[in-house]
Amino acid sequence: MSNYKLGLDFAKAQDRNDPLGHFRDQFHIPKDKNGKALIYMTGNSLGLQPKITKDYIHQELEDWANLGVEGHTDGKHPWLNYHELLTETMAHIVGAKPIETIVMNSLTVNLHLMMVSFYQPTKKRYKILIEADAFPSDKYAVQSQLRHHGFDDQEGLIQWKAPEGEELANYEDLETLLKTHGDEIALVMIGGVNYYTGQFFDLKRIAKLAHAYGCMVGFDCAHGAGNVKLNLHDSGADFAVWCSYKYLNSGPGSLAGAFIHERHAHKKELNRFTGWWSHNKEKRFKMRDDFDQLTGAEGWQLSNPTILSMAAIRASLDVFKDAGFDRLCEKSNELTGYFEFLINELNNSELKIITPSDPNARGCQLSIQVKNANKNLHKKLTEAGVISDWREPDVIRCAPTPLYNSFEDVFNLVERLKNII
Ligand SMILES: *Cc1c(COP(=O)(O)O)cnc(C)c1O
């Protein structure tokens with residue numbers, strides 16, 4: 001790893017030598033009232049807009065204006081199979097095969113659709129294991145699935161907690177939970193990168209462990225997609241879901257992704273909800289045919305999708321393709337390592353990074369606990385031109401992303417934090 005140094009000169013030199021540095025200019029960076037670029041550290045919440053996105057969406061508006069319904073077949077990028085333009089790059093980013101990958105719906109919707117197929121409780125095996133600090137939407141979703149199947153949403157929920165006084169969940173505790181309750185657990189559903197701590201779980205290890213006890217395994221990778229190498233296929237998970245508006249820079253509420261492992265690709269008998277978009281593509285418009293299940297992840301689609309949103313995703317994926325996901329992950333490691341170095345060099349006992357220090361167990365986000373702090377700290381940071389994220393009771397989350405954040409951004413962020421504390 002780098003020999004990081006203190007001082008602004010080092011940050012500037014890093015930026016000058018950064019082969020990906022010019023990608024920052026391909027994004028709209030939010031500005032303050034005086035037109036000065038803000039230090040944007042919330043790509044984990046809403047990624048910034050690539051400048052090309054407008055053109056990609058405009059193209060579809062034009063085709064709609066000029067062609068009307070014919071745009072489905074005669075548009076520059078015909079809408080009928082528009083989603084196919086996204087599959088390969090998206091699959092590459094999440095480490096899946098194209099047959100395992102689909103862009104559709106929104107994230108929590110996809111989580112429910114996956115549970116329709118992969119949460120098949122029986123009288124004896126009906127519980128769902130989730131990490132205690134899961135994103136609220138995920139917890140609400142799994143609890144509603146428990147109720148939907150007639151189970152108690154407290155008794156049926158097993159929570160993987162961090163040990164008393166610690167922030168990070170550990171695998172020994174997961175193993176103990178599975179040893180004790182394994183034969184009652186139908187589904188293990190974990191946030192691949194925890195939204196609060198930034199911990200990137202070992203997906204393969206979790207999947208292997210849970211499968212050994214006969215449980216289905218799913219991951220919510222909202223904080224992982226476009227941020228870390230998820231290697232979903234190799235993880236062996238049964239399913240995964242993610243959104244495209246965080247690290248994937250595709251715009252607020254944009255369509256989400258789903259992964260269904262190849263071993264389920266041809267199981268037409270697998271329980272699921274269906275619609276005309278899960279029906280054989282070749283015969284979709286022969287409206288009177290009996291239902292003919294599409295194979296692969298495409299077979300989980302229900303509706304004809306939002307093309308304007310897909311255009312934004314296509315734009316963003318083209319930027320990723322240009323930059324190269326491997327190179328982005330390398331820079332991400334460097335940038336976050338630098339961030340960690342600067343925080344540690346402050347030698348301030350009030351600050352504690354709760355994100356793992358192992359680069360393989362995190363992405364770009366660092367979650368910093370600030371002793372005795374309250375939301376006022378976040379307010380002051382915002383006034384100082386830093387867009388960061390505050391989580392009660394005392395954690396500030398910052399995610400320097402390799403596509404549009406610079407070493408200088410990170411330097412300035414830490415300087416401002418230091419001045420406020
Ligand atoms: C961001 C996020 C969500 C948000 O769900 P939507 O359905 O897109 O509103 C859900 N789960 C996790 C883990 C998230 O990080």
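Source: prediction; values computed, not measured. (Residues numbered from 1 in each chain as written. Predicted model: local features only at pLDDT ≥ 70, side-chain atom pairs only at ≥ 80, totals over all residues. Heavy atoms only, no water.)

Undergrad: Just to check I follow, could you spell out the overall build of the protein for this structure?
TA: A count of helices and strands for the protein gives 13 helices and 13 strands. Rg of the C-alpha trace for the protein: 22 Å, near the compact-globule value of 22 Å for 421 residues, within the 12% margin. Taking the principal axes of the C-alpha coordinates as reference, the protein spans close to 70 × 60 × 35 Å. Counting the 421 residues in the protein, one finds 55% classified as buried. (Helix = DSSP H or I, 4+ residues; strand = E, 2+ residues; numbered from the N terminus. Rg over C-alpha atoms; globule rule 2.2 N^0.38 Å. Buried < 20%, exposed > 50% of the residue type's maximum accessible area, 1.4 Å probe, protein only.)

Undergrad: In this structure, what is going on with the environment of Ala-134? I would like to understand it.
TA: The topology assignment puts Ala-134 in the loop between strand 3 (127–131) and helix 6 (136–148). Ala-134 sits 286 residues away from Ile-420 along the chain, and the two C-alpha atoms are 30 Å apart.

Undergrad: Help me understand the UniProt feature "modified residue: N6-(pyridoxal phosphate)lysine" (unreviewed entry) in the protein in this model?
TA: Feature annotation in UniProt assigns "modified residue: N6-(pyridoxal phosphate)lysine" (unreviewed entry) to the following positions: Lys-246. Along the chain, the position of Lys-246 falls in the loop between strand 7 (239–242) and strand 8 (256–260). When sequence neighbours within four positions are dropped, the list of residues in contact with Lys-246 reads Gly-43, Asn-44, Ser-45, Leu-46, Gly-47, Phe-135, Ala-222 and His-223. (UniProt positions renumbered as here; feature names shortened; annotations may be inferred. Contact = heavy atoms within 4.5 Å.)

Undergrad: Honestly, the environment of Ile-206 in this entry has me stumped. Any pointers?
TA: Considering the arrangement of structural elements, one finds Ile-206 in helix 8 (residues 203–212). On a C-alpha basis, the gap between Ile-206 and Glu-175 in space is 9.0 Å, while along the polypeptide they are 31 residues apart.

Undergrad: It is not clear to me how the site of the ligand should be interpreted in this structure. Could you clarify?
TA: For the ligand, the full set of nearby residues is Leu-107, Thr-108, Phe-135, Ser-137, Asp-138, Asp-220, Ala-222, His-223, Tyr-245 and Lys-246. The separation between an oxygen atom of the ligand and a polar side-chain atom of Thr-108 is 2.6 Å. Between an oxygen atom of the ligand and a side-chain N or O atom of Tyr-245, the distance comes to 2.5 Å. Burial of the ligand by the protein amounts to 83% of the accessible area it has alone, namely 390 Å². When residues of the shell around the ligand are traced back to their parent elements, those giving at least two are helix 5 (107–118) and helix 6. Across the shell around the ligand, the residue classes tally to four nonpolar, three polar and three charged. (Near = heavy atom within 4 Å. Polar contact = N/O pair within 3.5 Å; in protein donor to acceptor, adjacent residues only side chain to side chain. Areas by Shrake-Rupley, 256 points an atom, 1.4 Å probe, with all protein chains shown as cover. Nonpolar A, V, L, I, M, F, W, Y, C, P; charged D, E, K, R; others polar.)

Undergrad: What exactly am I supposed to notice about the side chain of Asn-44 here?
TA: With respect to the helices, strands and loops of the structure, Asn-44 is situated in the loop between strand 1 (39–40) and helix 2 (53–67). In terms of polar contacts, Asn-44 uses its side chain to reach the side chain of Gln-365, at 3.2 Å. In this structure, Asn-44 is in contact with His-223, Lys-246, Tyr-247, Gln-365, Arg-397 and Ala-399, ignoring residues within four places of it in sequence.

Undergrad: What am I meant to see in the state of the cysteines here?
TA: Covalently bonding the sulfur atom of one cysteine to the sulfur atom of another cysteine gives a disulfide. Counting across every chain of the model gives zero disulfides. Lacking any disulfide linkage, Cys-243 is separated from the closest cysteine sulfur, that of Cys-221, by 10 Å. Unpaired in terms of disulfides, Cys-364 finds its nearest cysteine sulfur in Cys-329, a separation of 9.7 Å. (Disulfide = S-S within 2.5 Å.)

Undergrad: Mind showing me how you'd approach empty space enclosed by the protein here?
TA: Empty pockets left among the atoms are what a rolling probe the size of a water molecule brings to light. Evaluation of the coordinates by the stated rule reveals one cavity of 30 Å³ or more. Among the elements that make up the lining of the largest cavity, the one with the highest residue count is helix 11 (residues 325–345) (four residues). Each of two domains, domain 1 (8–48 + 325–420) and domain 2 (83–304), supplies a minimum of three residues to the lining of the largest cavity. (1 Å grid on protein atoms, 1.4 Å probe; cavity = no way out; pocket = protein on both sides within 12 Å on 5 of 7 lines; lining within 4 Å. Points joined across faces, edges and corners; volume = space filled by probe spheres on them. Domains from an automatic or database assignment.)

Undergrad: When you look at the pairing of strand 10 (residues 366–370) in this model, what are you seeing that I'm missing?
TA: Successive residues of a regular strand alternate their side chains across the two faces of the sheet. Of all five residues making up strand 10, five are buried, and the element is well covered by its neighbours. What you see with strand 10 is no split at all: Leu-366, Ile-368 and Val-370 on one side and Ser-367 and Gln-369 on the other are buried throughout. Of the pairings in the sheet, the one linking strand 9 (residues 351–353) to strand 10 comprises three bridges and is antiparallel in character. Among the inter-strand pairings, Leu-351 is bridged to a residue of strand 10, identified as Val-370. (Pairing = 2+ DSSP bridges.)

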